[in-house]
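Now for the letters of each chain:
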Amino acid sequence: MSYHSLNIEDILRNYDKRRLENKRLLQKRQEQIYALIPRIEEIDRTSTSLHIEAARNRVINADSDKTETVTTKNTARNLRNEKESLLTRHGYPSDYLDPIYTCTLCHDTGYVESDDKSTTGLVKKCTCFTKQIIDALYLSSNLDKILEQENFDTFDISYYSEEKGNQQFSPHENIGNILKRTKEFTKSFDTTERNRGNILIYGETGMGKTFLTNCIAKELLDKGHSVLYLSSNELFEKVLSGYVMNQKTELAELYKYIYSSELLIIDDLGTELTNNFVLSQLFEIINQRSINGLSTLISSNLTMTGLRERYSERIVSRIIADYTVFYMYGDNIRYQKRKKSITSNT
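Cut-offs used in this document
- Note that residues are indexed from 1 along each chain, following the sequence as it is written.
- Whole-chain, interface and lining totals are the exception, using all residues; otherwise, since this is a predicted model, local features are given only for residues with pLDDT of at least 70 and side-chain atom pairs are given and counted only at 80 or more.
- Neither water nor hydrogens contribute to the side-chain values; these are computed over all heavy atoms in the structure.
- Elements are defined by DSSP. Helices are runs of H or I of four residues or more, strands are runs of E of two residues or more, and each kind is numbered from the N terminus.
- What makes two residues a contact is simply this: any of their non-hydrogen atoms within 4.5 Å.
- The rule for a salt bridge is simple: a side-chain nitrogen of Lys or Arg has to be within 4 Å of a carboxyl oxygen of Asp or Glu.
- Residues are called lining when one of their atoms sits within 4 Å of a cavity or pocket point, these points coming from a 1 Å grid over the protein atoms alone, where a cavity is a set in which a 1.4 Å probe fits but cannot get out and a pocket is an open set with protein on both sides within 12 Å along at least five of seven lines.
- Grid points are joined across faces, edges and corners, and a volume is the space filled by probe spheres set on the points.
- Residues were grouped as follows: Ala, Val, Leu, Ile, Met, Phe, Trp, Tyr, Cys and Pro as nonpolar; Asp, Glu, Lys and Arg as charged; and all remaining residues, including Gly, as polar.
- Joining through side-chain atoms within 4.5 Å is the link that ties buried Ala, Val, Leu, Ile, Met, Phe, Trp, Tyr and Cys residues into a set, and such a set is a nonpolar core.
- The buried label goes to any residue with under 20% of its type's maximum accessible area, the exposed label to any with over 50%, and the partly exposed label to all in between, with areas taken from a 1.4 Å probe on protein chains only.
- Note on pairing: two strands pair once DSSP finds at least 2 bridges between them.
- An axis is simply a line fitted to the C-alpha atoms; with a helix, the fit covers only the stretch in contact. Between two such axes, the angle follows the N-to-C directions and lies from 0 to 180 degrees.

Visitor: Honestly, the environment of Phe-155 in this entry has me stumped. Any pointers?
Guide: Within the secondary structure layout, Phe-155 lies in the loop between helix H5 (143-149) and helix H6 (171-187). C-alpha of Phe-155 to C-alpha of Gly-208: the two residues are 53 residues apart in sequence and 9.0 Å apart in space. Leaving out residues up to four positions away in the same chain, Phe-155 has contacts with Tyr-160, Ile-175, Leu-179, Gly-208, Phe-211, Leu-212 and Cys-215.

Following this line, the structure appears as structure tokens:
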């Protein structure tokens, strides 16, 4: 992934472009309506004059006559009602000439007022700003193309055997249950804002763990949620090492979203070079995200015993306590797909 390609200035320029496009669209609507219903142009001019006159009076005389203020407000309201009535009578929505915003939360500025009562007047990034950052990261890594191919609609459970073997449930029954519960997990993002749960998916190589995490990522991204997807190697050896150890400022935004994205996906935990730095950073991520009620999804080829041996008991006990654990088993899916491809080409 080309982390250096993330440029906040590009996103801010997109907001400028968006506001300009919406302003032009509103101007076209006004020209259309003014030609069709001249009275609305008169109403807009009168309303503008009223607002200017009211503002001038407030500057000249802060203690202006309250009766005059009420009269002005009543006049403006009557003009607004007449305008809306004319629009609906001609088959247009009553708000057809209102300012146009792609994001009604931030009015296409990228920022909203902080909801923290202790920081009144301060601003924070809007959810649409966060999503643009995540989208930019995916575009730079080409993961968007992968998600078009690997999603719940393309997940083929026919590769999982219906023979139980040594397990209580067959691989087919097991994956069916996992799919059902992970879909329920994604649905919870639309009904709650915090404490939606965490997931650990483990199993041998070739069981479809990464495919499943891609399914979850795409489902949530398509609904507008912020999802940050990083392989274990990328997370620890590139991002955290680069930012925490080497102070690479271009990674600052990415580092923030490790702790603030609605869902953080750590794929292939156990493939990184594990040391004290990795152990401390992993615990910090798991701990802080749980405290803040944010969801984390971890996939690993390691068994639960292997996780205990590789990571501290403190980390594994936190995962067991706070995560829904899914064990994927069966025949190697990658091998089956490769074999099927070879057979079909002979």
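So, next bit.
Visitor: Just checking my understanding: could you explain the pattern of salt bridges for this structure?
Guide: Side chains that differ in charge, positive against negative, can pair when their charged atoms come close. Counted under the stated rule, the structure contains 16 salt bridges. Bridged by salt links that share partners, the residues Arg-39, Glu-42 and Glu-82 form one connected network.

Visitor: Explain the layout of surface pockets here, please?
Guide: Picture a little ball the size of a water molecule; that probe, rolled over the atoms, points out where space is still empty. Approximately 900 Å³ is the volume found for the largest pocket. Lining the largest pocket are 27 residues, and of these Lys-124, Thr-127, Arg-194, Ser-260 and Glu-262 sit closest to its centre. Of all elements in the fold, only strand E2 (123-125), helix H4 (127-141) and helix H9 (252-260) reach the threshold of two or more residues within the lining of the largest pocket. Tallied by class, residues from the lining of the largest pocket come to eight nonpolar, nine polar and 10 charged. Empty space within the second largest pocket amounts to approximately 300 Å³. At the level of secondary structure, the elements contributing two or more residues to the lining of the second largest pocket comprise helix H7 (209-222) and helix H13 (333-344). Residues that form the lining of the second largest pocket fall into these classes: six nonpolar, six polar and six charged.

Visitor: What exactly am I supposed to notice about the nonpolar core here?
Guide: Among soluble globular proteins, nonpolar side chains are generally buried collectively. Counting 68 residues, the largest nonpolar core has Leu-212, Ile-258 and Leu-263 as its most contacted members. It is H7 that provides the largest number of residues to this core, a total of seven residues. Beyond its immediate stretch of four places on either side in the chain, Leu-263 contacts Phe-185, Phe-189, Ile-216, Leu-220, Ser-226, Val-227, Leu-228, Arg-289, Ser-295, Thr-296 and Leu-297. Counting 11 residues, the second-largest nonpolar core is a separate cluster that includes Ile-33, Tyr-34, Leu-79 and Leu-97.

Visitor: Looking at this model, I keep getting lost on the sheet that holds strand E7 (residues 323-327). Mind explaining?
Guide: Strand pairing in a sheet relies on backbone hydrogen bonds, with the paired strands running either antiparallel or parallel. Within the open sheet, the five strands sit side by side as E4-E5-E6-E3-E7. Their pairing is parallel. Looking at the sheet topology across the chains shown, the edges are occupied by strand E4 (227-231) and E7. Neighbour-to-neighbour, the strand axes of this sheet turn through a mean angle of 15°, independent of strand direction. Sheet topology note: the E4/strand E5 (residues 263-269) ladder contains five bridges and is parallel. Residue pairing across strands places Ser-231 opposite Asp-267, the latter belonging to E5. Sheet contacts for helix H12 (residues 313-322): strand E3 (198-202), strand E6 (295-300) and E7; angle to E7, the most-contacted strand, approximately 95°.

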